[in-house]
Amino acid sequence: MKHYKRIDTASRFDTVIVANGAFPKGEVALAILRHARHVIACDGAARTLLGQGFAPADITVIGDGDSLGDERKARLRFIRIAEQDSNDLTKATRHFAGLPTTSPGSRVAYLAATGKREDHTLANIALLMHYYREMDIQPVMVTDDGYFIPTDGDSSFETFVGQQVSIFNFGCRQLESEGLVWNAFPYDEQWQGTLNEAEGAAVKFKADGHYLVYLTFQGKNHDA
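Going along each chain's sequence as written, the residues are numbered from 1 onward. Residue-level local features of this predicted model are given only where pLDDT is at least 70; pairs of side-chain atoms are given and counted only at 80 or more, and the full residue set underlies all totals for whole chains, interfaces and linings. Hydrogens are left out, water is left out, and the side-chain values use all remaining heavy atoms of the structure.

- In the nomenclature of an unreviewed UniProt entry, the chain corresponds to Thiamine diphosphokinase from the organism Segatella baroniae F0067.

### Structural notes on the environment of I167
Then, number 1: With respect to the helices, strands and loops of the structure, I167 is situated in strand β10 (residues 163-170).
Then, number 2: Exposure remark for I167: the relative accessible area of 0% places this residue in the buried category.
Then, number 3: Separated by 47 residues in the primary sequence, I167 and H120 have C-alpha atoms spaced 20 Å apart.
Then, number 4: In what follows, a contact means two residues having at least one pair of non-hydrogen atoms within 4.5 Å. Ignoring sequence-local partners within four residues, the contact set of I167 consists of L175, L180, Y187, Q190, G193, T194, N196, F205, Y211 and L212. In this description a helix means any DSSP run of H or I spanning at least four residues, a strand means any run of E spanning at least two, and both kinds are numbered starting from the N terminus. Type-normalised accessible area, obtained with a 1.4 Å probe on protein chains alone, sets the label of each residue: buried when under 20%, exposed when over 50%, and partly exposed for intermediate values.

### With respect to unusual backbone geometry
Then, number 1: A positive phi angle, near 55°, is found at A112, a position not held by glycine.
Then, number 2: Mapped onto the elements, A112 comes out in the loop between β6 (107-111) and α5 (118-135).
Then, number 3: Its relative accessible area of 5% is what places A112 among the buried residues.
Then, number 4: Positioned with a positive phi, L195 is a non-glycine residue whose angle comes to about 65°.
Then, number 5: Taking the relative accessible area as the measure of exposure, L195 reaches 66% and is therefore exposed.

Encoded structure:
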């Protein structure tokens with residue numbers, strides 16, 4: 001069974017990928033960014049990170065460079081990937097997956113991947129499952145309100161009483177849960193597994209396929 005620890009301000013990720021969505025304001029996301037050893041930025045996010053006090057040497061920038069001027073690119077650790085079949089988030093993830101230090105199951109946190117355009121938000125969330133399946137990494141997308149984790153098979157998640165939990169089915173024919181107010185089942189529609197709630201310190205799933213879990217930082221009564 002896979003086990004996922006609760007994400008909070010003490011969570012650490014060696015690599016963080018910063019997209020060009022709404023820059024995080026939440027304390028968990030900012031703590032993860034501040035303590036990251038390696039920051040990869042989609043090229044549109046580089047200016048934002050520099051404005052947040054990051055030095056050019058602290059960031060690896062991935063993309064086609066259309067959001068950066070030549071002078072700024074010359075000061076950055078910039079890797080140009082011109083192909084247009086993938087978005088910048090996928091280019092950055094492919095770069096991470098190909099690093100010598102990346103092993104099967106390596107964790108990576110995504111920040112600023114939501115907000116702004118809704119179609120980009122939906123696509124970025126859906127891409128988490130693609131990265132998990134096809135690149136053999138463990139992505140975690142952190143927002144100001146919570147985090148998304150793709151998984152498969154039997155999995156457990158550390159939770160707290162009242163934590164809000166949503167489950168999105170990506171092909172499970174069997175999907176059962178322990179520790180939720182409403183038991184999970186192999187949902188036919190993406191909305192069916194949303195707005196559930198943890199009853200205690202852990203939620204466990206028994207499944208025969210892939211699914212995406214979202215957990216909030218605050219409980220329903222904000223008593224976390």
